[in-house]
Amino acid sequence: MELKDKSSIPNHVAIIMDGNGRWAKQKGFDRIYGHSNGVESVRESIKAAREFNIKYLTLYAFSTENWNRPKEEIAALMDLLVSTILAEIAELSENDVQLRTIGNLELLPENCKNTLKEAVEKTASNKGLTLVLALSYSSRWEITNAVQSIVKKGYKHNEITEELVSSYLNTAGIPEPELLIRTSGEQRISNFLLWQIAYTEFYFTEVHWPDFNRDEFIKAILEYQNRERRFGKISEQINA
Ligand code: IPE
Ligand code: IPE
Ligand code: MG
């Protein structure tokens with residue numbers, strides 16, 4: 001499969017990587033096996049994003065609500081995060097990928113925080129692709145946090161603009177995603193980027209995350225390229 005039309009590639013793609021647990025269960029394995037296999041899909045997606053010249057790729061890796069999972073699963077996910085970053089950091093750098101995180105990192109175990117911090121610092125000057133990892137992230141947490149900071153700074157009510165609010169979100173400086181992909185057939189947002197997806201195109205696929213690959217990524221972009229983004233206007237205005 002190839003992407004022929006290079007003119008309307010999304011600048012920012014966000015992905016809700018879902019279905020690892022079900023993928024593993026269907027194969028008779030435990031959920032953790034699904035998470036480990038999801039890493040390869042992450043690798044492929046980053047590679048594909050670089051190839052398609054996508055500039056921002058945001059991956060929802062762990063939500064605030066995921067802290068309510070069994071503690072063994074949480075521990076396995078945290079270990080996987082550390083081992084993956086340690087294994088991939090050199091290649092990320094080689095491929096000009098800058099790593100950024102959004103979410104409440106304070107809740108992460110110490111070794112995770114340190115590994116992430118180091119990887120973010122090491123890749124800070126890379127310009128090819130910004131890889132945004134959403135970790136211990138929820139949109140309501142992010143927005144509540146922003147409101148608290150804005151109030152603390154003493155802004156007057158008439159100084160509160162959409163731009164100001166955006167600049168207090170974790171995603172400050174990151175353009176809004178044009179395309180949001182969710183795998184595994186679930187059609188919900190699960191507290192992800194609520195503010196930022198006001199005009200994002202949604203793409204849902206039945207494929208579980210460990211089966212997501214370059215071809216699946218291309219399918220999502222092809223579907224995106226067939227959408228008419230009107231931003232409240234009418235079709236004739238868009239085509240004029
Ligand atoms: C997504 O897969 C990964 C995380 C949320 C960490 P799930 O673990 O949610 O897999 P399912 O949805 O239970 O199949
Ligand atoms: C959303 O997936 C969070 C991530 C992909 C990290 P979940 O599997 O946790 O979402 P729900 O609970 O099914 O909505
Ligand atoms: Mg899930």
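It is worth spelling out the site of ligand 2 at this point. For ligand 2, the full set of nearby residues is I16, M17, D18, Y60, A61, F62, S63, N66, R69, R182, R188 and S190. In the model, an oxygen atom of ligand 2 is placed 2.6 Å from a nitrogen or oxygen of the S190 side chain. Considering every element that reaches the shell around ligand 2, the biggest residue donor is strand β2 (residues 56-63), with four residues. For the shell around ligand 2, the per-class residue count stands at five nonpolar, three polar and four charged.

One pass over the structure, following the stated rule, counts 18 salt bridges. Look at the salt bridges and you will find they share partners, linking D18, R22, R182, E186 and R188 into a network.

Turning our eyes to something else, we now look at the nonpolar core. Counting residues in hydrophobic clusters, the biggest one holds 42 residues, and the most contacted among them are I15, F52, L57, I181 and F217. Take this core: its biggest share by element is eight residues, from helix α3 (residues 71-94). Counting 14 residues, the second-largest nonpolar core is a separate cluster that includes A14, I189, L193 and I197.

Bringing the sheet that holds strand β5 (residues 179-182) into the picture now. Ordered by their spatial adjacency, six strands build an open sheet running β3-β4-β2-β1-β5-β6, and the pairing between neighbours is parallel. In this open sheet, the two edge strands, each paired with only one partner strand, are β3 (97-102) and β6 (201-204). The sheet shows a mean angle of 20° between the axes of neighbouring strands, direction not considered. Contacts from helix α7 (residues 214-225) reach β1 (12-16), β2, β5 and β6, with the element oriented near 135° to β5.

A few words now on helix α4 (residues 110-122). The first and last C-alpha atoms of α4 sit 18 Å apart over 13 residues, in line with the 18 Å expected at 1.5 Å per residue. Buried residues in α4 make contact with α3, β3 and β4 (129-137).

As a further point, take the packing of aromatic side chains. One pass over the structure, following the stated rule, counts 12 aromatic pairs. Look at F212 and F217: their rings are 5.9 Å apart centre to centre, the planes differ by 50°, and that puts the pair in the tilted class. Overall, F212 belongs to the buried group, its relative accessible area being 2%. Among the aromatic residues, ring-to-ring pairing joins F52, W209, F212 and F217 into one connected group.

Neighbouring ligand 1 are 13 residues; D18, G21, R22, R31 and R69 lie closest to it. Interatomic distance of 2.8 Å between a side-chain N/O atom of D18 and an oxygen atom of ligand 1. R22 is positioned such that a nitrogen or oxygen atom in its backbone is 2.7 Å from an oxygen atom of ligand 1. Across the complex, the protein chains shield 87% of the 380 Å² of accessible surface that ligand 1 would expose by itself. At the level of elements, α1 (20-26), α2 (31-51) and α3 are the ones that each hand at least two residues to the shell around ligand 1. For the shell around ligand 1, the leading source of residues is α1, giving three residues. Its residues assigned to classes, the shell around ligand 1 comprises three nonpolar, five polar and five charged.

On to the packing of α2 against α3. Across the interface, α2 lies against α3 with an axial gap of 10 Å and an inter-helix angle of 25°. It follows from the interaxial angle that α2 and α3 lie roughly parallel. For the crossing formed where α2 meets α3, the hand is right-handed. For the pair formed by α2 and α3, the contact residues are R31, I32, H35, S36, V39, R43 and I46 on the first element and E72, E73, A76, L77, L80, T84, E88 and L92 on the second. Residues belonging to the contact of α2 with α3 are distributed by class as follows: seven nonpolar, three polar and five charged.

Right, let's talk about the environment of S235 for a bit. By the element assignment, S235 lies in helix α8 (residues 235-239). Exposure remark for S235: the relative accessible area of 25% places this residue in the partly exposed category. In this view, S235 contacts E228 and R230; residues no more than four positions away in its chain are not counted.

What counts, and at which threshold
- Residues numbered from 1 in each chain as written.
- Chains lettered and ligands numbered in written order.
- Predicted model: local features only at pLDDT ≥ 70, side-chain atom pairs only at ≥ 80, totals over all residues.
- Heavy atoms only, no water.
- Near = heavy atom within 4 Å.
- Polar contact = N/O pair within 3.5 Å; in protein donor to acceptor, adjacent residues only side chain to side chain.
- Helix = DSSP H or I, 4+ residues; strand = E, 2+ residues; numbered from the N terminus.
- Nonpolar A, V, L, I, M, F, W, Y, C, P; charged D, E, K, R; others polar.
- Salt bridge = Lys/Arg side-chain N within 4 Å of Asp/Glu carboxyl O.
- Core = buried A, V, L, I, M, F, W, Y, C linked by side-chain atoms within 4.5 Å.
- Buried < 20%, exposed > 50% of the residue type's maximum accessible area, 1.4 Å probe, protein only.
- Pairing = 2+ DSSP bridges.
- Axes fitted to C-alpha atoms, helices over the stretch in contact; angles between N-to-C directions.
- Contact = heavy atoms within 4.5 Å.
- Expected span 1.5 Å × (residues − 1).
- Phe/Tyr/Trp six-rings, centres within 6.5 Å; stacked < 30°, edge-to-face > 60°.
- Areas by Shrake-Rupley, 256 points an atom, 1.4 Å probe, with all protein chains shown as cover.
- Parallel < 35°, antiparallel > 145°, perpendicular 65-115°, else oblique.
- Left-handed = near helix turned anticlockwise from the far one by under 90°.

Geometric values such as these leave the question of function open.
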